[in-house]
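Results of the structural survey
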Amino acid sequence: MNVSYECCLGTELYTADGRRILDFLSGYCVHNIGHNHPTLVSALKAELDKTGPVMLQTNVPELAGELAERLCGLAGGRISKVFFASSGSEGIETAIKFARAYTGRTGLLACERAFHGLTCGALSLTDGEYWRKGFGPLLPETALVPFGDLNALEKELGSERYAAFFVEPIQSEGGVQIPGEHYLRKAQGLCRRTGTLMVADEVQTGMFRTGPFLASHHFDIQPDVVVLAKALSGGLVPVSAVLMSDDVHQSVFTSFKRSIVHASTFSENSLSMRAGLATLNVLQSERLGERAIELGAQLREQLTEALLGYEMVKDIRGKGMLSGIEFTAPQRLTLRVPFEAFAKIHAAMFGQILVMRLFRDSGILTQICGNNFMVLKVAPPLVATASQLAEFVAAVRRVVDLAHHPGPFWSEALGLAGRALAS
Ligand SMILES: Cc1ncc(COP(=O)(O)O)c(C=O)c1O
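1. Side note on the layout of surface pockets
Volume-wise, the largest pocket comes out at about 980 Å³. Lining the largest pocket are 33 residues, with Asn-59, Val-60, Pro-61, Ala-64 and Glu-268 sitting closest to its centre. Elements that contribute at least two residues to the lining of the largest pocket include exactly α3 (62-75) and β4 (81-85). By residue number, the principal contributor to the lining of the largest pocket is α3, which donates 5 residues.

2. Brief notes about α3
Counted at 1.5 Å a residue, the expected span for α3 with its 14 residues is 20 Å, and the 20 Å between its end C-alpha atoms agrees. Three or more residues of α3 are buried, namely Leu-63, Ala-64, Leu-67, Ala-68, Leu-71, Cys-72 and Ala-75. Looking straight down α3, one finds that the buried residues subtend no more than 165 degrees of arc, so they occupy a single side. Exposed residues pointing more than 90 degrees away from the buried face of α3 are listed as Glu-62, Glu-69 and Gly-73. On its buried side, α3 packs onto α2 (38-49), β4, β9 (225-228), β10 (240-244) and α10 (270-285). Gly-76 sits one or two positions beyond α3 and adopts a positive phi of about 70 degrees.

3. Structural notes on the sheet that holds β9
The 7 strands are arranged β4-β10-β9-β8-β7-β5-β6 in an open sheet whose pairing can be described as mixed. Across the chains shown, the open sheet's two edge strands, defined by having one partner strand only, are β4 and β6 (142-145). Pairwise comparison of adjacent strand axes, ignoring direction, gives a mean angle of 20 degrees for this sheet. Note: β4 against β10, 5 bridges, orientation antiparallel. From the neighbouring strand, Val-82 faces β10, where its bridge partner is Leu-243. Along the sheet face, α3 touches β4, β9 and β10 and points at about 120 degrees away from the line of β4. Docked against the sheet, helix α7 (residues 150-157) engages β5 (107-111), β6 and β7 (162-167), running at close to 160 degrees with respect to β6.

4. With respect to helix α8 (residues 183-193)
Listed as buried for α8 are Tyr-183, Leu-184, Ala-187, Gln-188, Leu-190 and Cys-191. One side of α8 carries all its buried residues, which in axial view fall inside an arc of 160 degrees. Looking at the buried residues of α8, the elements they touch are β5, α7, β7 and β8 (197-201). Just downstream of α8, Gly-195 is the residue with a positive phi angle, here 70 degrees.

5. Digging into the site of the ligand
In the neighbourhood of the ligand, the contacting residues comprise Ser-87, Gly-88, Ser-89, Phe-115, His-116, Gly-117, Glu-168, Asp-201, Val-203, Gln-204 and Lys-230. Gly-88 is positioned such that a nitrogen or oxygen atom in its backbone is 2.8 Å from an oxygen atom of the ligand. One of the backbone N or O atoms of Phe-115 is found 3.4 Å from a nitrogen atom in the ligand. Here the ligand loses 82% of its free accessible area of 390 Å² to cover by the protein chains.

6. What to know about the pairing of strand β1 (residues 5-9)
Side-chain positions along a regular strand alternate between the two faces of the sheet. Note that β1 and strand β2 (residues 12-15) share 4 bridges and pair antiparallel. Directly across from Leu-9, in β2, lies its bridge partner Glu-12. In this structure, the hairpin formed by β1 and β2 is closed by a connection of 2 residues, where Gly-10 is found at a positive phi of approximately 60 degrees.

7. As for the packing of aromatic side chains
This structure, assessed with the given rule, holds 15 aromatic pairs. Ring centres of Tyr-130 and Trp-131 lie 5.0 Å apart, and the angle between their planes is 75 degrees; this geometry places the pair in the edge-to-face category. Site record: aromatic cluster; members linked through ring pairs are Phe-327, Phe-339, Phe-342, Phe-350, Phe-409 and Trp-410. Geometry around Phe-359 places Arg-19 over its ring, the cationic atom sitting 5.6 Å from the centre.

Rules and cut-offs
- Residues numbered from 1 in each chain as written.
- Predicted model: local features only at pLDDT ≥ 70, side-chain atom pairs only at ≥ 80, totals over all residues.
- Heavy atoms only, no water.
- 1 Å grid on protein atoms, 1.4 Å probe; cavity = no way out; pocket = protein on both sides within 12 Å on 5 of 7 lines; lining within 4 Å.
- Points joined across faces, edges and corners; volume = space filled by probe spheres on them.
- Helix = DSSP H or I, 4+ residues; strand = E, 2+ residues; numbered from the N terminus.
- Expected span 1.5 Å × (residues − 1).
- Buried < 20%, exposed > 50% of the residue type's maximum accessible area, 1.4 Å probe, protein only.
- Arc of directions from axis to C-beta.
- Contact = heavy atoms within 4.5 Å.
- Pairing = 2+ DSSP bridges.
- Axes fitted to C-alpha atoms, helices over the stretch in contact; angles between N-to-C directions.
- Near = heavy atom within 4 Å.
- Polar contact = N/O pair within 3.5 Å; in protein donor to acceptor, adjacent residues only side chain to side chain.
- Areas by Shrake-Rupley, 256 points an atom, 1.4 Å probe, with all protein chains shown as cover.
- Phe/Tyr/Trp six-rings, centres within 6.5 Å; stacked < 30°, edge-to-face > 60°.
- Lys NZ or Arg CZ within 6 Å of the ring centre and 35° of its normal.

Pasting the structure below:
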């Protein structure tokens, strides 16, 4: 899938050898406003042309204040302060430090199948041996509970040793897992009762990806801390933001002497701040959240209709423009034998062949979930058109149909895997 790209616009990617690829991955939920949105590109060009201060580190950067104000207004609830950083992982690290400072506790709780990033603190809250092996020891006093299990959560939080409960309102890499209607509200109640901060990791789900500004808004929760990254800059400049309540912020910056006790060089640089403001302008003026709800529902309806009756399709789910197609092992012997051969090579083999075929045969860029290999993630830019969605549905149907017949899907892939293992 490593091809040379020459031009990327909206949902479409054009390669050097003349192909057109539809992006249904969005750089893992980075390109919510589409690739190289003209409003964002011209806002960044204008910012550069101004030759203004970018990173003086000694003044109050007004653009950061402007962006923080917009983000707090959109998040609502308890949120009234923002710390800017450059990546999702750095945002999670910030949340870890602030939660510890606020509570005076050291424990950190997260969910099974969670993905919170790969720096040492964030990795301590990311599930999966694959990610963790070889990098220990990670942070002590961390634990994982099954996502959606209130009893397990209550039991852990009851120890009153956790500074924070980190949760993705919808688990993205975990397989586009949507919690039961009341889980997050009850989890919030448990956090409040036990003096634990609730940190919503909205790195993939925020910025209108699932419809509202935050996926938390679907579930009527008011987290103490929210981490945003990826789509915040429209995909052109690295930036992340940690949104929090006033008292959490105050617990770190307690005095003038401690005013730079947590900081980051690129934190409030004007290009990132301008990118954030321009991205919000596009998301709001083009009403991309409403569009995500409408087109996302249509997409899942069409997928359900197209994939009905295929035994390996277990579920189609999602919210807004974040959807997952979950596959399961086939029952039919003629398919089960090659499926098991695939699984023996690598647990992700089946999904990767789907992804490769979608790319090669139909010009569709996708990926399977990083912590759930049987789920194909469907996350196009929020500007994707109805006809591009229909093109995707037809392509998925073709590849799923191919996988339901003994033949090239399986034999070609087994040959490829054999060659890879032999080399
Ligand atoms: C939910 C979630 N949190 C945190 C991160 C880490 O973000 P970054 O890769 O910008 O460090 C990711 C990255 O994929 C993510 O999906």
